[in-house]
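A look at the structure
These are the residues of each chain, in order.
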Amino acid sequence: MRAFGRDIPIMFALVFWALAWEIVGRAELVFLVPPFTHVLAALAEMVQTGKFQDATLLTFESFALGMGLALLLGIPLGVLMGRVEAAEKLLGTWVNVFVSAPLTALVPVIMILFGLGQTTIVVTVMLFAVWIIVLDTQAGIKHVNPSLLEMARSFGASRLDLYARILLLAALPEILAGVRLGIIRAVKGVVIGQLLVSIIGYGELFELYSRNFLMEQFWALTILLFAFAMLAAELVGWAERKVEFYAGARG
Amino acid sequence: MKTSGTTDPVETATKPDGIVQARGISKTYDGGIQALEGIDLGFPKGELTTLLGPSGCGKTTLLKIIAGLLEPSAGTIIVNGRAVTGPGPERAFVFQDFALMPWASVLRNVAFGLELRGVPRHERHVIARSHIAKVGLAGFEERYPHELSGGMRQRVGLARALAVDAEVLLMDEPFSAVDEQTRRKFQEDLLHLIQSENKTFIFVTHSIEEAVYVSDQVVLLTPRPGAVSRVIRTGLDHGGSPEELRRNKRYLDMVEEIWQMLRGYLV
């Protein structure tokens, strides 16, 4: 970033808005916005409580399980749809509907099906993340250069070789893009699921803080979640950049 | 079929003998387009045969049928006396668009055919390195395809085909995606390769000069559906210097003669 002919460090935006927040908070303009330093203090205090640690564990577990399921279902389904035209015709429309549908509306139905527990959260996370993974995997598989497949066949590749040594690797940039977007959606899923169920994990904490107007704790938890979502997406983004060099190099 | 004045290098009889034989090969695609019709051809061992013809005459289709990558609608390909049912270790393919794995180093790309055959890592790397050196890419083993020029990429494709030590090398317009200078150098290197490797080459090109320059035998195909129009023995000495060959009167006459035959197919 550059302004007035000078380089501005990326951290500047963060510092600037933290400062603005602090000033608004100190001026006591809005009850909802306590000073930023107070939020940080609340954050430091919060992470030490057993209640928070239990909620974090539960949230991470639901997130990891749901995301794992989304990968386990999404990638094979995407590969299938990329390779078999009948599967694409049968499922393509639905995947596209679900990718853009407001899935929050379905969470109450999931609650009825799976009860007010962790299973509902896991299913919600999976449902939020899986569709974009399917879609991007399919796109990646469909764009694999057909002559790479011919090449492998001409050197005696088996069916398994074609998938393991060519298709999945050639589609990796798209698959990773899908996983990154899936993770961002999964974070939304885990929060929305817990908020709607509202008796477990961070949902319970959010409910507690907002009901009792504990705004410092509320913001602390929000900041933590935002940071996690960014960090997780950034991590996959880093892996993505490692394979980026060949995403463009394909004919 | 038009038959203009024939001179001594032209021979119309095409007895299907040789290491690779095409017997009654026809190919009709699903859409009903007929690409090839009744191809009978023999490819003599240790020679380079070029399939030459206008765009869409099915020359690449024929090559892929020989490779076992496509199935003919009728007819059989015989290699070493056995009917072809799919790709086999005695045939190796060089692709027009190189078909290199962008995620793999030059070394791994060249060793890929051996990797698929289960050759142990160390052994296949030793073999791959020697072929990388043979095509003039020593020192580039750890580079990736996107770091190489078009000509270098095709050398990798060639090294990969050589590494599996197949008797028959199938080359689909291997030099069409590289620039003119590289192309000439490539053609000269190919001639050295033929001299030293004692392999059978089947080569597809749309360039008349290239066909005559590198071939012992040129097969002219008619436009769709592709059928054998002529089989021409070039009778050129490929062992001499490239400069001599390019100025050779027989070479120049033959290029002109083939052009006269082919121009009849153009609209």
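Before reading on, note that the structure itself is shown above.
Note that the structure is a prediction, hence the values are computed from the model and not measured.

**Observations regarding the environment of Lys-59 of chain B**
Residue and element names in this part refer to chain B.
- Note that Lys-59 resides in helix 1 (residues 59-67).
- You can call Lys-59 buried: its relative accessible area is 6%.
- Non-local contacts of Lys-59, meaning those with residues more than four positions away in its chain, are made with Leu-51, Leu-52, Gly-53, Pro-54, Glu-173, Val-204, Thr-205, His-206 and Leu-221.

**A word on unusual backbone geometry**
Residues and elements named next belong to chain B.
- For Ala-99, which is not glycine, the phi dihedral falls at a positive 50 degrees.
- Mapped onto the elements of the fold, Ala-99 is located in the loop between strand 7 (91-94) and helix 2 (106-116).
- Accessibility expressed as a relative area gives 1% for Ala-99, which makes it buried.

**Remarks on the interface of chain B and chain A**
- In this assembly, 24 residues from chain B lie in contact with 19 residues from chain A.
- When chain B packs against chain A, the two sides together hide about 1,900 Å² of surface, and 69% of this comes from carbon and sulfur.
- The largest per-residue losses of area from chain B upon contact with chain A belong to Leu-69, Trp-103 and Leu-116 of chain B, which jointly make up 33% of the total buried on that side.
- Where chain B meets chain A, there are two salt bridges.
- Our enumeration of links across chain B and chain A arrives at five residue pairs in polar contact (both at pLDDT 80 or more).
- When contributions to the side of chain B that touches chain A are tallied by element, the ones reaching two or more residues are strand 7, helix 2 and helix 4 (150-163) of chain B.
- For the side of chain B that touches chain A, the leading source of residues is helix 2 of chain B, giving four residues.
- Residues of the side of chain B that touches chain A, tallied by class, amount to 15 nonpolar, three polar and six charged.

**A closer look at empty space enclosed by the protein**
- This structure, assessed with the given rule, holds one cavity of 30 Å³ or more.
- Around the largest cavity, the lining residues are Ser-154 of chain A together with Ala-67, Pro-87, Gly-88, Arg-91, Ala-92, Phe-93 and Leu-170 of chain B.
- A total of three residues in the lining of the largest cavity trace back to one element, the largest contributor, which is strand 7 of chain B.
- In terms of residue class, the lining of the largest cavity is built from five nonpolar, two polar and one charged.

**Section: the layout of surface pockets**
All names here are of chain A.
- Estimates place the volume of the largest pocket at around 530 Å³.
- Lining the largest pocket are 16 residues, with Leu-14, Trp-21, Phe-36, Ile-223 and Phe-226 positioned closest to its centre.
- Of all elements in the fold, only helix 1 (11-26) and helix 11 (215-247) reach the threshold of two or more residues within the lining of the largest pocket.
- If one sorts the elements of the lining of the largest pocket by residue count, helix 11 sits on top with eight residues.

**Considerations on the pairing of strand 7 of chain B**
All names here are of chain B.
- Residues Arg-91 and Phe-93 of strand 7 are buried on one face, and the alternating residues Ala-92 and Val-94, pointing to the opposite face, are buried as well.
- Of the pairings in the sheet, the one linking strand 7 to strand 8 (residues 168-172) comprises four bridges and is parallel in character. Counted as the bridge partner of Val-94 is Met-171 from strand 8.

Cut-offs and rules
- Residues numbered from 1 in each chain as written.
- Chains lettered and ligands numbered in written order.
- Predicted model: local features only at pLDDT ≥ 70, side-chain atom pairs only at ≥ 80, totals over all residues.
- Heavy atoms only, no water.
- Helix = DSSP H or I, 4+ residues; strand = E, 2+ residues; numbered from the N terminus.
- Buried < 20%, exposed > 50% of the residue type's maximum accessible area, 1.4 Å probe, protein only.
- Contact = heavy atoms within 4.5 Å.
- Buried area = accessible area lost by both parts, 1.4 Å probe.
- Salt bridge = Lys/Arg side-chain N within 4 Å of Asp/Glu carboxyl O.
- Polar contact = N/O pair within 3.5 Å; in protein donor to acceptor, adjacent residues only side chain to side chain.
- Nonpolar A, V, L, I, M, F, W, Y, C, P; charged D, E, K, R; others polar.
- 1 Å grid on protein atoms, 1.4 Å probe; cavity = no way out; pocket = protein on both sides within 12 Å on 5 of 7 lines; lining within 4 Å.
- Points joined across faces, edges and corners; volume = space filled by probe spheres on them.
- Pairing = 2+ DSSP bridges.

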